[in-house]
Amino acid sequence: TVEVEARSLPMELSEKGGVENNGFVQNEAFEDKETDTGRQEEMPDKCSVDVDPMAVEETVLKPYAGMPKEVLLQFSSQARYRITREILFWLIIAGSIALVCATIAIIALSPKCLDWWQASPIYQIYPRSFKDSNMDGNGDLKGIQEKLDHITYLNIKTVWITSFFKSPLKDLGYGAEDFYDIDPIFGSMRDFENLIAAIHDKGLKVIMDLIPNHTSDKHRWFQLSRNRTGKYTDYYIWQNCTQAGSVIPPNNWVSVFGGSSWQFDDVRSQCYFHQFGKEQPDLNFRNPAVQQEIRDIIKFWLGKGVDGFSFGTVKFLLEATHLRDEPPVNKSQNEATITAYSQLYHDYTTTQVGLHDIIRSFRHTMDEFSREPGRYRFMGSDDDEKEDIEATMMYYGTTFIQEADFPFNFNLINMEKLSGNSIFEAVDLWMKNMPAGKWPNWAVGSPNAARISTRIGKEYINAMNMLLLTLPGTPVTYYGEEIGMENIATENVSEEHVNSGPVVVTLPEKSPMQWDGKVNAGFTEGNSSWLPVNSNYQSVNVEIQSTCSNSTLSLYRALTSLRNSELPMNRGWMCLIWSDTNVLVYVRELDGLDTVFVMVLNFGQESTLDLTAIVPSLPAEAVIRLSTHFGNTGKVVNTKLIKTEMGEGLVLEYKTAKPVHTMEAFQGKCFVAEKACYSKALNLLYTNC
């Protein structure tokens, strides 16, 4: 029929490569109309149209919006699009690989970031003298919390609080009666917890003292030991010391405070050993149970949130078991007259074999709490090996076994005479003997040494602070040194201020912090303070100096700001380029940076120096970045003629492409702790200099 033949037409066209034309298919309405009229036209059996296949393909496969998946797949399979897609794919893969490799390379080449105990100065607080919050005349933990803003004002992020354990306050609290409790004079455990929380809320860290060598004779362990109770029997060092009813010490060992280091105990009828006061018996660290007790104490306080410890008197932890007499310094001296600590060589009572194994066990315990990211626990050792720098350096540990992050450095405190040469020797001694890869530290004041202004003269306080804050490593500031506090007069200190006579000599440098010009210097609102306030408090205090641009406090803040903001200051090279009786000169610089800082510090009389004669490549002019004479800051000086007065300090800045540490003339005088180089192109530090 016509209908069947017409419907078969598209199929035949398709088979012959033609184009289906929907116009050839009649709709039903049209068919009905043609039927009704009776007019039927005769249609051909077959119809074919010749069409170019390529034209048809182009017409069908031309992409358009909303094309179905079948058309899209035909379109995307064409070579010109497939190859482009593959090129883009492999470029993305190659770029990703390059990015990963670059990231790995940057990580591998980047120096280790400075940790919190390296990046900031440490501010040491003697809590009884910092701030009284309850008007009893004694500084306390709440008082420290009240004054945390002062520490952040100084651009400091680490606080070191000296001993606050429950104690009879013999030796100013360093003989603990209970290692797990706060002495009521300082507050409660809740006060401590609140202080820790406040410190951390301000982004600060806190270090506390721990003196493991001895306890108070009021300690529970000692009371049990003197009665020979169970495991506590050998917690202390006991020896028989009676002959024919007389007490005869086992040997000639003397205590740090003088006199025999053996004390007879009526309860046990033996002598116990004490390296310090007789009220401070030494623990027996050859007893493993004692070592475990100290490790448990460490865990307790780290669990409270403490960020680190300063372990004091650790060189005294072990004594020789043979108990031989120590050799006298003066061999001709009658042994019966030996009563002073300085009269013996302490070969058998300090730094014994096995000491560093104990310290490593402390380190291991602290490392258990350092696994949490960002919570590294600092460990310092507070021992002063004045005559043996090698013994001091052993507290750093070895390349593979770490002990302290650093032993505290008292070289600048122990100087007998101040001069440019003596400071050069003190700095050079530490840096040359410090193990490779370790970090230095410096202190110019402490609770056991006269304040700077008293020890060497108040005219040098600014120069000493400039020295402290521009040397490489971590500076330690004892409270009050930022405003130039002085010792109180010794006649104002008497036995009524402390229960132990030998420590009276260390009290003048522990006078109350001078906050303002009010009564008691703002230290307490009570009627009196535990020690007298220095008579100069109305002119030397935080309040007045914070409003004065040329004060010691303002310079201190400017120096900490400079240290924090300039890369050469906090991790660059230091080169000691000149010293004489009057002046010390050193350079701070960093590979890759053309900015160099030169410190010119006068610790003697007026001096004139030609820096170009010392460093020929030095430019003719330099800018005074900071000066102890505040009006000179920002001025341009001739490097051929650098004048400094007594106690004056300059931080000069200049640009150069020839760093001093690469010059042959200064080899052996340049030191770097955490080596790093700066890339201007990438604006980052790297190690492969």
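Residues numbered from 1 in each chain as written. Predicted model: local features only at pLDDT ≥ 70, side-chain atom pairs only at ≥ 80, totals over all residues. Heavy atoms only, no water.

The name given to the protein in an unreviewed UniProt entry is Amino acid transporter heavy chain SLC3A1, and the organism recorded there is Hirundo rustica.

Another point: the confidence of the model for the protein. A residue-level look at the protein finds 88% of positions with pLDDT of 70 or above and a mean pLDDT of 88. Confidence drops under pLDDT 50 across residues 1–44; counting only partners more than four residues distant or on other chains, this segment forms 23 contacts. Scored below 50 in pLDDT, residues 499–504 shows 14 contacts in the model against residues more than four places distant or in partner chains. (pLDDT = per-residue confidence, 0-100. Contact = heavy atoms within 4.5 Å.)

Aromatic ring pairs are described here by two measures, namely the spacing of the ring centres and the angle between the planes. Counted under the stated rule, the structure contains 37 aromatic pairs. By the ring-pair criterion, three or more aromatic residues cluster together here, those being F164, F165, F179, Y180, F192, W221, Y232, Y235, F300 and W301. The ring of W515 carries the charged tip of K147 above its face, separated from the ring centre by 4.4 Å. One cation-aromatic arrangement involves K510 over Y126; the distance from NZ or CZ to the ring centre is 5.6 Å. (Phe/Tyr/Trp six-rings, centres within 6.5 Å; stacked < 30°, edge-to-face > 60°. Lys NZ or Arg CZ within 6 Å of the ring centre and 35° of its normal.)

Moving on, we get to the sheet that holds strand 9 (residues 262–265). Taken together, the three strands give an open sheet; going across it, the order is 6-10-9, and neighbouring strands pair in antiparallel fashion. At either margin of the open sheet sits one strand with a lone partner, and together these are strand 6 (238–239) and strand 9. Alignment of strand 6 against strand 10 (residues 270–273), held across two bridges, turns out to be antiparallel. The residue of strand 10 that forms the bridge with W238 is Y272. (Pairing = 2+ DSSP bridges. Helix = DSSP H or I, 4+ residues; strand = E, 2+ residues; numbered from the N terminus.)

Here the focus is the sheet that holds strand 24 (residues 670–671). The seven strands lie next to each other as 21-20-23-18-17-16-24, forming an open sheet whose pairing is antiparallel. A single partner strand is all that each edge strand has here, and the edge strands are strand 21 (636–638) and strand 24. One ladder, built from four bridges, connects strand 20 (residues 621–627) with strand 23 (residues 649–655); its direction is antiparallel. Directly across from I624, in strand 23, lies its bridge partner L652. Where helix 15 (residues 420–433) meets the sheet, its contacts fall on strand 16 (573–579), strand 17 (583–589) and strand 24, and the angle it forms with strand 16 comes to roughly 150°. (Axes fitted to C-alpha atoms, helices over the stretch in contact; angles between N-to-C directions.)

Here we come to the pattern of salt bridges. On inspection of all chains with the given rule, the structure shows 18 salt bridges. Between K142 and D191 there is a salt bridge; the shortest N-O distance is 4.0 Å. Taken together, the residues K142 in helix 7 (residues 141–146) and D191 in helix 9 (residues 189–201) connect sequence positions 49 residues apart. By relative accessible area, which is 45% here, K142 ends up partly exposed. Look at D191 and you get buried, because its relative accessible area is 13%. In this structure, D307 and R375 form a salt bridge, with 3.4 Å as the shortest nitrogen-oxygen distance. Placement of the pair is D307 in the loop between helix 11 (288–303) and strand 11 (308–312) and R375 in the loop between helix 12 (355–367) and strand 12 (378–382), with a sequence separation of 68 residues. (Salt bridge = Lys/Arg side-chain N within 4 Å of Asp/Glu carboxyl O. Buried < 20%, exposed > 50% of the residue type's maximum accessible area, 1.4 Å probe, protein only.)

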